[in-house]
Amino acid sequence: MKTRQIDNKEYVFCEWRRKFVRLTPEEWVRQTFLTRLMTDYGYPKEKIAVEVFLGGKRADAVVYGEALQPLMIIEFKAETVALTQKTLDQAAVYNRQLHVPYLILHNGPTSILAQIEPDVVFLNEIPIYSKLLN
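The structure displayed is predicted, hence computed values, not measured ones.

## Description of the nonpolar core
Right, so step 1: Grouped together as the largest cluster of nonpolar side chains are 25 residues, with contacts concentrated most on L34, L37, Y43, V63, M72, I74 and L132.
Right, so step 2: Residue assignment for this core shows that the elements contributing at least two residues are β2 (9-14), α1 (25-41), β4 (48-54), β5 (57-64), β6 (70-76), β7 (102-106) and α3 (129-132).
Right, so step 3: Broken down by element, the residue count for this core peaks at 5 residues, all from α1.
Right, so step 4: Not counting the four nearest positions on each side in its chain, I74 is found in contact with F33, L34, L37, D60, A61, V63 and I104.
Right, so step 5: Counting residues in each nonpolar core, the second largest holds 15 residues, with L83, L98, L105 and A114 among its members.

## A closer look at the confidence of the model for the chain
Low-confidence regions, as indicated by low pLDDT, have predicted coordinates that should not be scrutinised in detail.
Right, so step 1: For the chain, the mean per-residue pLDDT works out to 93, and 100% of the residues sit at or above 70.
Right, so step 2: When pLDDT is averaged over each element of the chain, α1 comes out on top at 97 and helix α2 (residues 85-98) at the bottom at 88.

## A few points about the packing of aromatic side chains
Right, so step 1: In the structure shown here, the tally under the stated rule is 3 aromatic pairs.
Right, so step 2: Ring centres of F13 and F20 lie 5.2 Å apart, and the angle between their planes is 70°; this geometry places the pair in the edge-to-face category.
Right, so step 3: Judged by centre distance (5.7 Å) and plane angle (65°), the ring pair of F33 and F76 falls under edge-to-face. Of this pair, F33 sits in helix α1 while F76 sits in strand β6; the two residues are 43 residues apart in sequence, bridging distant segments of the chain.

## Quick notes on the sheet that holds strand β1 (residues 3-6)
Right, so step 1: Reading across the sheet, the 3 strands line up as β1-β2-β3 and stay open at both edges, with antiparallel pairing between neighbours. On the outer flanks of this sheet lie β1 and β3 (19-22), each paired with one strand and no other. Adjacent strand axes in the sheet meet at a mean angle of 40°, parallel and antiparallel pairs treated alike.
Right, so step 2: By the bridge criterion, 4 bridges tie β2 to β3 in an arrangement that is antiparallel.

## Quick notes on α2
Given 3.6 residues per helical turn, the α-helix brings residues three or four places apart onto the same face.
Right, so step 1: An ideal rise of 1.5 Å per residue puts 20 Å on 14 residues; α2 measures up with 20 Å between its terminal C-alpha atoms.
Right, so step 2: For α2, the complete set of buried residues consists of T87, A91, Y94, N95 and L98. Projection of α2 onto a plane perpendicular to its axis shows the buried side chains occupying an angular sector of 105°, all on one side. Those residues of α2 that are exposed and aimed more than 90 degrees away from the buried face are Q85, K86 and R96.
Right, so step 3: Packing partners of the buried residues in α2 comprise β4, β5, β6 and β7.
Right, so step 4: Note on α2: the residue one or two positions beyond its end, H99, has a positive phi of about 55°.

## Quick look at the pairing of β6
Across a regular strand the side chains alternate sides, sitting on one face of the sheet and then on the other.
Right, so step 1: The element β6 is largely enclosed, with a buried count of 6 among its 7 residues.
Right, so step 2: Bridge count between β5 and β6: 4 bridges; the pairing is antiparallel. Residue pairing for β6: Y64 is matched across the bridge by P70.
Right, so step 3: From the end of β5 to the start of β6, which pair antiparallel, there are 5 residues, and L68 there has a positive phi angle of about 60°.
Right, so step 4: Strand direction decides the pairing type here: β6 and β7, joined by 5 bridges, are parallel. Note that in β7 the partner of F76 across the bridge is H106.

Here is what the cut-offs are and how they apply
- Residues numbered from 1 in each chain as written.
- Predicted model: local features only at pLDDT ≥ 70, side-chain atom pairs only at ≥ 80, totals over all residues.
- Heavy atoms only, no water.
- Core = buried A, V, L, I, M, F, W, Y, C linked by side-chain atoms within 4.5 Å.
- Buried < 20%, exposed > 50% of the residue type's maximum accessible area, 1.4 Å probe, protein only.
- Helix = DSSP H or I, 4+ residues; strand = E, 2+ residues; numbered from the N terminus.
- Contact = heavy atoms within 4.5 Å.
- pLDDT = per-residue confidence, 0-100.
- Phe/Tyr/Trp six-rings, centres within 6.5 Å; stacked < 30°, edge-to-face > 60°.
- Pairing = 2+ DSSP bridges.
- Axes fitted to C-alpha atoms, helices over the stretch in contact; angles between N-to-C directions.
- Expected span 1.5 Å × (residues − 1).
- Arc of directions from axis to C-beta.

Shown next, in the form of structure tokens:
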């Protein structure tokens, strides 16, 4: 990751937003996880959108399919923030608009992965991108 100091604050270059953004603990989790999705699971960078506007709120990240249909919502928290029902509810609110088949909640050490269509099934591992397309 490319970082730089601006006014004594650390910034990281976000490949998806194509600009330097403040390097907060949550942003660190986001940048490292999204990079891992690309390198380890075959997610194309151009199919991941960050800070997706959804009627007054913003989803942390959305993964899209080949026809740009939304497939996955990812909600990030800092490592010190527990993944709770409130975090899941937040992602569920976003999904009322997007109707994705997958949700991921991630805070660094912990991930909650779920396939939610046709039924909710909690997953033990991150699906590779090609599986999302099937």
